[in-house]
Every structure is written in structure tokens, then in C-alpha cells.
Amino acid sequence: MKNWLYILVIALLASCSKSDHQLPIFGHKTVTDQGDTIYSSIQDFEFISQDSLIVTNQTFKNKIYIADFIFLSCPSICPIMTSELKKVYDEFESNPNIYFISHTIDPESDSIPRLKEYAEVLGINHSKWFFVTGSEDDIYAIAEKSYFATAFFDKKATGGYIHSGNFLLIDIHKNIRGVYDGTNPEETKRLIKDLRELLQEQFKGT
């Protein structure tokens, strides 16, 4: 009888330990007069998807999502990033609580038809992974102010743009919960692991 009680206690402790573990929250934080901590979150946005549909914050309501910044004529890291993010997509393709958004930083060249063709070649569900475009100002602003990412035109750079190669993990409260090198397969594995932890935290592991 004592052995069973011991096993039960250990199991309960292990369960509590697992549920208590949470990913950090990235970004600026402020403490209110009441002592509450408020973290910076993704600002409201409105872009157009590869299917000419409006994509906003509401598209991701109560969803975990991964964001990145690419451009289709990128001669360096973008193809690697998309290949790595596709691994994450394949892992969670059937999970309705996880979405993806890739912002083009070259909206002049990356037209909606080009984005659609690119998405179709990848063979993704267009209602789960959005390749979006918009004005340069809006895209660059949300990269810098919401995702703390780099994205801007530089004619001296390879391909004409400088941008972050990171994946950003966003929770259902629009907080950044993880940052990952999108060119590193080990970082992709870490992202998959963290996604499972975040699902456990926010959706009880579903």
C-alpha cells in the first residue's frame, strides 16, 4: 500500500512540474500601479493573403502562430527558412490551433499571383499558412515594432534586402514566446518542442 502511495505522489509531482513550466515572454514589459506585469504584444495589422483575402489579428484569434519575413527572389536564406518552416507545418498540419504567416518584404515584386503560386508549389493548406503582402511601410513597421525583427531595403545587400532570419512563436494572447534561427535545423527541432509545450499550456496539449 505504501508503495502505491509513493508512486501516486511522485506521479502527481511530475504532473505539476510539467504543467507549471512555461515558455518565457519576449519583448518590453511594464508593471502597473497594481503590480500587474503587462508585456508588449503584436499590434493590429491588415494584410492580403495569396488568395486575395484580408488577413488581420482576428484571423489568428485564439490561435498559436509562427511568423517570419521573406521575399521570393531571395538568393540566400529565404529558401532555407521556408524549407525549415515546412517541417514545422508538416508536424502540426492537422492541428487546428496552429497557424503560420510569412510576410513578403518585397511587395513590389511579390505579387499576389506569385505568392499563390509559391504556396501551391509548397502544397500547403492556404487557410492555415498565409503568405501576405501589403505596403512596405506597414510590413517594415510591424517587423520592427511588433516582432522586433529586421526588414528593410538595402541596394548594397545580397538580393537588395536585409531581413531577420528568425521564426517568431506567438501565443493566443499575441505575445512572443520564442525566437528561432530559421536556417538551423536544430532550432527547428527546438521550435517543434516549444510548440508542444505551448499547446500544453494554452490548449491542454490538444
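What comes next concerns the included structure. Counting from 1, residues in each chain are numbered in the order their sequence is written. A pLDDT threshold of at least 70 governs which residues receive local features in this predicted model, and a stricter bar of 80 or more applies before side-chain atom pairs are shown or counted, although totals over entire chains, interfaces and linings include all residues. Only hydrogens and water are set aside; all other atoms, that is, all heavy atoms of the structure, feed into the side-chain values.

1. Let's talk about the sheet that holds strand β11 (residues 176–181)
Hydrogen bonds between backbone atoms are what pair the strands of a sheet, whose relative direction is either parallel or antiparallel. The line we're drawing: Any two strands between which DSSP finds at least two bridges are classified as paired. Every helix listed is a DSSP run of H or I at least four residues long, and every strand listed is a run of E at least two residues long, numbered separately from the N terminus. Think of each axis as a best-fit line through the C-alpha atoms, taken over the contacting stretch in the case of a helix, with angles from 0 to 180 degrees between the N-to-C directions. Contacts between residues were defined by any pair of non-hydrogen atoms, one from each residue, lying within 4.5 Å.
Spatial strand order, β7-β6-β5-β10-β11: five strands in an open sheet with mixed pairing. In this open sheet, the two strands that pair with only one neighbour each are β7 (129–132) and β11. Between one strand and the next, the sheet's axes are offset by a mean angle of 20°, whatever the strand orientation. Contacts from helix α3 (residues 112–122) reach β5 (64–70), β6 (98–104) and β7, with the element oriented near 150° to β7.

2. Structural notes on the pattern of salt bridges
Counted only if it meets this: In the sections that follow, a salt bridge refers to a side-chain nitrogen of Lys or Arg positioned within 4 Å of a carboxyl oxygen of Asp or Glu. Burial status follows relative accessibility: with a 1.4 Å probe on protein chains alone, a residue under 20% of its type maximum counts as buried, one over 50% as exposed, and anything between as partly exposed.
Tallying each qualifying case throughout the model produces 13 salt bridges. Two residues, K116 and E120, come together in a salt bridge whose shortest N-O distance is 4.0 Å. Of the two residues, K116 and E120 both sit in helix α3, four residues apart, roughly one turn of that helix. In this structure, the salt-bridge partner of E186 is K189, at a minimum N-O distance of 3.3 Å. Of this pair, E186 and K189 are both found in helix α5 (residues 185–203), three residues apart, which corresponds to roughly one turn of the helix. Side by side, E186 and K189 carry an identical accessibility label, which is exposed. Residues joined in a network through salt bridges with shared partners are D51, K116 and E120.

3. Thoughts on the packing of helix α2 (residues 78–92) against α5
When two helices pack together, their arrangement is given by the angle between the helix axes and by the axis-to-axis distance. What counts is decided by this rule: Each crossing gets its hand from how the near helix is turned against the far one by less than a right angle, where anticlockwise is left-handed and clockwise is right-handed.
Here α2 crosses α5 at 30°, and the two axes come no closer than 10 Å. In the packing of α2 onto α5, the handedness of the crossing is right-handed. Two secondary-structure elements touch here, α2 through E84, K87, V88, E91 and F92 and α5 through P185, T188, L191, I192, L195, R196 and L199.

4. Digging into the pairing of β5
Rules: When the strands point away from the viewer and the path from the first strand over the helix to the second turns clockwise, the crossover is right-handed.
Of all seven residues in β5, seven are buried, a share of seventy percent or more. Alternating positions in β5 separate into two faces, I64, I66, D68 and I70 on one and Y65, A67 and F69 on the other, with burial throughout. Pairing geometry for β5 and β6, over seven bridges, is parallel. By the bridge assignment, I64 is partnered in β6 with I98. Read as a crossover between parallel neighbours, the route from β5 over α2 to β6 is right-handed. Bridge count between β5 and strand β10 (residues 166–170): three bridges; the pairing is antiparallel.

5. Overview of the packing of aromatic side chains
Note the following rule: Only rings of Phe, Tyr and Trp enter the pairing, Trp through its six-membered ring, and a pair is recorded when the two centres are within 6.5 Å. The plane angle decides the type: under 30 degrees is stacked, over 60 is edge-to-face, the rest tilted.
Taken as a whole and assessed by the stated rule, the structure comprises twelve aromatic pairs. When the centroid spacing of 5.7 Å and the interplanar angle of 40° are considered together, the rings of Y89 and W129 count as tilted. Linking Y89 in helix α2 with W129 in strand β7, this pair joins segments that are 40 residues apart in sequence. Judged by its relative accessible area of 1%, Y89 is buried. W129 sits in the buried class, given a relative accessible area of 0%. Ring geometry for F100 against W129: centres 5.5 Å apart, planes inclined by 35°, an arrangement best described as tilted. Here F100, found in strand β6, pairs with W129, found in strand β7; they are 29 residues apart in sequence, far enough to count as distant. Side by side, F100 and W129 carry an identical accessibility label, which is buried. An aromatic cluster is built from F45, F47, F60, Y65, Y99 and F130, whose rings are joined through pairwise contacts.

6. Here's the deal with the nonpolar core
As a reminder, the rule being used: Remark: nonpolar core denotes a set of buried residues (Ala, Val, Leu, Ile, Met, Phe, Trp, Tyr, Cys) joined through side-chain atoms within 4.5 Å.
F45, Y65, I66, Y147, L169 and L195 are the most contacted members of the largest nonpolar core, which totals 53 residues. Not counting residues up to four positions away in its chain, the partners in contact with I66 are L85, I98, Y99, F100, I101, F167, L168, L169, L191 and L195.

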